[in-house]
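Take a look at the letters that make up each chain.
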Amino acid sequence: MTANGEDTIGLATVGLTKSFGGVHAVDGASVAFHHGKVNALIGPNGSGKTTFFNCVTGMIKPDAGSASYRGRDITGKAPHRIARAGIGRSFQLCRIFPRMTVLENMLVSVHSPTLFARLASARHHGDMERARELLARVGIDHLENTEARDLSYGQQKLLELAGVLMADPETIMLDEPAGGVNPALIDRIGSLVRSLNAEGRTFLIVEHNMDMVMSLSDHVVVFDRGRPIAEGTPDEVQNDPRVLEAYLGV
Ligand SMILES: Nc1ncnc2c1ncn2[C@@H]1O[C@H](COP(=O)(O)OP(=O)(O)O)[C@@H](O)[C@H]1O
Ligand SMILES: [Mg+2]
């Protein structure tokens, strides 16, 4: 938000394109997300949401088009440079080290070019204290010495979110945070998103749980076949015939 209450643009793309063989996973997508808000990206399976995330966070290079963050070009930059620009992300399938403890996972989660650099830097900056604070915030501090593989799937998602927060990102991208998670932990993830947003963090969330999307989001973008087909408030997109068509084929 600017001083006069207008939206500012956070993450944005112009003509972003990525194909795998003949599959146009992201197909000329031009989209802008609002800084300071909870933004959702929804769409049928295979509509390119994860590929979009991977392109804008540097995990894969787009074939064409551009991505920017708060006006600065981030197209094709390495993941750690995009992280340094202020963007953190989680993965659709949790990315944690199963045989490390919860606390160890926190200490290696800060994005650096190499694992070695992450371990070396963990010894410096009071990271241990911060890791414990964040584990408490997501409600799994009592599990700090448990191996990550022994956590429930929902607890692993909470660990991943806490790990993302280690880098203190101003924008957080979550890929299906509620997928496979039990209802009690879905509620906890929802409250965390709300409180983190109230503290000024921007969210971009890919999620299939429509109750969660519609109750949390300020702005919803709907993807179909690799590009946005509709956007607006939760109410607006729920009543948009193009959205019903994409989901239901009616
Ligand atoms: N690494 C890959 N190799 C080949 N095809 C892929 C790859 N990643 C995604 N795709 C294809 O791209 C399309 C979009 O996939 P994805 O981005 O995962 O969609 P969503 O996250 O919306 O379900 C799908 O047809 C998928 O099969
Ligand atoms: Mg996906």
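Residues numbered from 1 in each chain as written. Chains lettered and ligands numbered in written order. Predicted model: local features only at pLDDT ≥ 70, side-chain atom pairs only at ≥ 80, totals over all residues. Heavy atoms only, no water.

### Concerning the site of ligand 1
- The environment of ligand 1 is formed by Phe 20, Val 23, Ala 25, Pro 44, Asn 45, Gly 46, Ser 47, Gly 48, Lys 49, Thr 50 and Thr 51.
- Between ligand 1 and the protein, one listed contact pairs an oxygen atom with a backbone N or O atom of Gly 48 at 3.0 Å.
- Measuring from an oxygen atom of ligand 1, one finds a side-chain N or O atom of Thr 51 at 2.6 Å.
- In the complex, 59% of the free accessible area of ligand 1, which totals 560 Å², lies under the protein chains.
- Mapped by element, the contributors of at least two residues to the shell around ligand 1 are strand 2 (23–34) and helix 1 (49–56).
- Tallying contributions element by element places helix 1 first for the shell around ligand 1, with three residues.
- Tallied by class, residues from the shell around ligand 1 come to four nonpolar, six polar and one charged. (Near = heavy atom within 4 Å. Polar contact = N/O pair within 3.5 Å; in protein donor to acceptor, adjacent residues only side chain to side chain. Areas by Shrake-Rupley, 256 points an atom, 1.4 Å probe, with all protein chains shown as cover. Helix = DSSP H or I, 4+ residues; strand = E, 2+ residues; numbered from the N terminus. Nonpolar A, V, L, I, M, F, W, Y, C, P; charged D, E, K, R; others polar.)

### Re the pattern of salt bridges
- Under the counting rule described, the total for this entry stands at nine salt bridges.
- For Lys 18, the salt bridge identified is with Asp 63, shortest N-O distance 3.6 Å. Note that Lys 18 is positioned in strand 1 (residues 9–20) and Asp 63 in the loop between helix 1 and strand 4 (64–69), a separation of 45 residues in sequence.
- Residue class for Asp 63 comes out partly exposed when judged on its relative accessible area of 47%.
- Of the charged contacts, one joins Arg 70 and Glu 170 as a salt bridge, the two residues approaching to 3.7 Å between their closest N and O atoms. Taken as a pair, Arg 70 in the loop between strand 4 and strand 5 (72–73) and Glu 170 in the loop between helix 6 (153–166) and strand 7 (171–175) lie far apart in primary sequence, 100 residues in all.
- Of the residues examined, Glu 170 reaches a relative accessible area of 28% and is grouped as partly exposed. (Salt bridge = Lys/Arg side-chain N within 4 Å of Asp/Glu carboxyl O. Buried < 20%, exposed > 50% of the residue type's maximum accessible area, 1.4 Å probe, protein only.)

### Considering the confidence of the model for the chain
- Per-residue confidence for the chain gives a mean pLDDT of 90; residues scoring 70 or more make up 90%.
- Scored below 50 in pLDDT, residues 1–5 makes six contacts in the model with residues more than four places away or belonging to other chains. (pLDDT = per-residue confidence, 0-100. Contact = heavy atoms within 4.5 Å.)

### A short note on the pairing of strand 7
- Burial analysis of strand 7 places five of its five residues in the buried class, which makes it a mostly covered element.
- Going residue by residue along strand 7, you find Thr 171, Met 173 and Asp 175 tucked away on one face and Ile 172 and Leu 174 tucked away on the opposite face as well.
- Sheet topology places strand 6 (residues 87–89) next to strand 7; three bridges connect them, and they run parallel. Within strand 7, the position partnered with Arg 89 by the bridge is Met 173.
- Here strand 7 runs beside strand 8 (residues 202–206); their pairing, made up of five bridges, is parallel. Bridge assignment links Met 173 to a residue of strand 8, and that residue is Leu 204.
- In the classification by handedness, the crossover that spans strand 7, the intervening helix 7 (residues 183–198) and the parallel strand 8 is right-handed. (Pairing = 2+ DSSP bridges. Right-handed = clockwise from strand over helix to strand, strands pointing away.)

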